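Below are the chains, spelled out letter by letter.
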Amino acid sequence: MARVLVTGGAGFLGSHLCERLLDHGDDVLCVDNYFTGRRANIAHLIGNPYFEVMRHDVTFPLYVEVDQIYNLACPASPVHYQFDPVQTTKTSVHGAINMLGLAKRVKAKILQASTSEVYGDPEIHPQPESYWGRVNPIGIRSCYDEGKRCAETLFFDYWRQHGLRIKVVRIFNTYGPRMHPNDGRVVSNFIVQALRGEDITIYGDGNQTRSFCYVDDLIEGMIQTMDMPDDFTGPINIGNPNEFTIRELAERVIALTGSRSSLIFKPLPADDPRQRQPDISLARTVLDWMPRVQLDEGLQKTIAYFRRLVNTAAEAAE
Ligand code: NAD
Ligand code: UDP
Ligand code: UDP
């Protein structure tokens, strides 16, 4: 049985990861400061003798004994990471230093949840891991993008300098149950708006693209990466290469919810990438991994989750 630390374990992806690791028979320590994570995401795991939760901010040192570390702590949605941008950079950079220092002391294997944002607004399409990116270092997304880039640098320097066993996974837009209903990400926004019969807010003309990966596929890819032999470090793209415009996504959500919502157009935020699609050749080759859940199926599961949330909130208000 491996002792596994998951930072950001009460968040959207972290809670799914904790669940999957427990199913695999691991002993899981979930660390979170609850900035964007919620106790409700892990409530069903409490009481499992192999699951432990600790409130802690990864920008401060952490002394525990573990075999593996998944470093997910960091707000992921623009609304939240831009709320306190200095703290966002600290979380990525100081958080990485502390978790790498911990991995070094206890000789743990450590995986970084990096992001497609390291490619910025890319001029190469789709994006392979070899692409260095086009990132604005001083814009409103920079605290997140550059923080994550610096974290990758730290991972590779600890690997070169101290011989740490590292894995870097570049996650592309992922969605599913337990996304925060108010986190401003496009899938959760559109579904909640459709279910409430509110206008669906498209930023810009809606022709920008994203490639959406269902959470179960992503978690599978992440665990498979962690289980790779020590000489495999990544970075490795994990995401679904099926690319959609934001307008197409809105139309899918309206069709699948049966909503009467209409589309409205709002200004495009600064530095919003025009297009994004992972090149997953590496994951296909080395992990034999590819996403299994396509958009409509994943959206249906996510809609079912948000329908319960919206109905519960409506009942509570009555
Ligand atoms: P999330 O906001 O739901 O989860 C992040 C978790 O980290 C939350 O539980 C939050 O409370 C916690 N956290 C934030 N700052 C912390 C700190 N200083 N100390 C301890 N805990 C802290 O987001 P998510 O979608 O689950 O993302 C998880 C990770 O995956 C993040 O590192 C994110 O950058 C990365 N990622 C996610 C996506 C995606 O589409 N969901 C895409 C690329 C990368
Ligand atoms: N650290 C930690 N837990 C540990 C070991 C280290 O949080 O079990 C932190 C510690 O705060 C340190 C950082 O990780 O500042 C980096 O550790 P490292 O050993 O690389 O460097 P140093 O201790 O020399 O700063
Ligand atoms: N977006 C949108 N309406 C919303 C929320 C987001 O049109 O209500 C757009 C946003 O401008 C971006 C895309 O959807 O072009 C994805 O946004 P998200 O914040 O989910 O992820 P990211 O931009 O980090 O990929």
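Look up: the structure comes first, before these words.
So, here is what we can say about the structure in this document. Because the structure is a prediction, the values reported are computed rather than measured. (Residues numbered from 1 in each chain as written. Chains lettered and ligands numbered in written order. Predicted model: local features only at pLDDT ≥ 70, side-chain atom pairs only at ≥ 80, totals over all residues. Heavy atoms only, no water.)

## Details of the pairing of strand β4 (residues 68-71)
- Where burial is concerned, the two faces of β4 agree: the one with Q68 and Y70 and the one with I69 and N71 are both buried.
- As paired elements, strand β1 (residues 3-7) and β4 share 4 bridges and run parallel to each other. Among the inter-strand pairings, T7 is bridged to a residue of β4, identified as N71.
- Bridge analysis of β4 against strand β5 (residues 109-115) gives 4 bridges, and the strand direction is parallel. Bridge assignment links Y70 to a residue of β5, and that residue is L111. (Buried < 20%, exposed > 50% of the residue type's maximum accessible area, 1.4 Å probe, protein only. Helix = DSSP H or I, 4+ residues; strand = E, 2+ residues; numbered from the N terminus. Pairing = 2+ DSSP bridges.)

## Some thoughts on the site of ligand 3
- Neighbouring ligand 3 are 18 residues, the closest being N189, T201, R210, D272 and R276.
- Between ligand 3 and the protein, one listed contact pairs an oxygen atom with a side-chain N or O atom of R276 at 2.7 Å.
- In isolation ligand 3 has 520 Å² of accessible area, and contact with the protein removes 95% of it.
- Elements represented by at least two residues in the shell around ligand 3 include exactly α6 (186-196) and β8 (200-203).
- Of the residues contributing to the shell around ligand 3, the split by class is 7 nonpolar, 5 polar and 6 charged. (Near = heavy atom within 4 Å. Polar contact = N/O pair within 3.5 Å; in protein donor to acceptor, adjacent residues only side chain to side chain. Areas by Shrake-Rupley, 256 points an atom, 1.4 Å probe, with all protein chains shown as cover. Nonpolar A, V, L, I, M, F, W, Y, C, P; charged D, E, K, R; others polar.)

## Thoughts on the packing of aromatic side chains
- Going through the model one piece at a time under the given rule, you end up with 8 aromatic pairs.
- Aromatic side chains F156 and W159 sit 5.7 Å apart centroid to centroid with 80° between the ring planes, which places their arrangement in the edge-to-face category. On the criterion of helical spacing, the pair formed by F156 and W159 is a turn pair, its members being 3 residues apart in helix α5 (residues 142-162).
- F156 sits in the buried class, given a relative accessible area of 14%.
- In this structure W159 comes out as partly exposed when scored by relative accessible area, which is 35%.
- Taken together, the ring pairs in this structure connect Y119, Y131 and F172 into an aromatic cluster.
- If you follow R39 out to its NZ or CZ, it ends over the ring of Y34, 4.8 Å from the centre. (Phe/Tyr/Trp six-rings, centres within 6.5 Å; stacked < 30°, edge-to-face > 60°. Lys NZ or Arg CZ within 6 Å of the ring centre and 35° of its normal.)

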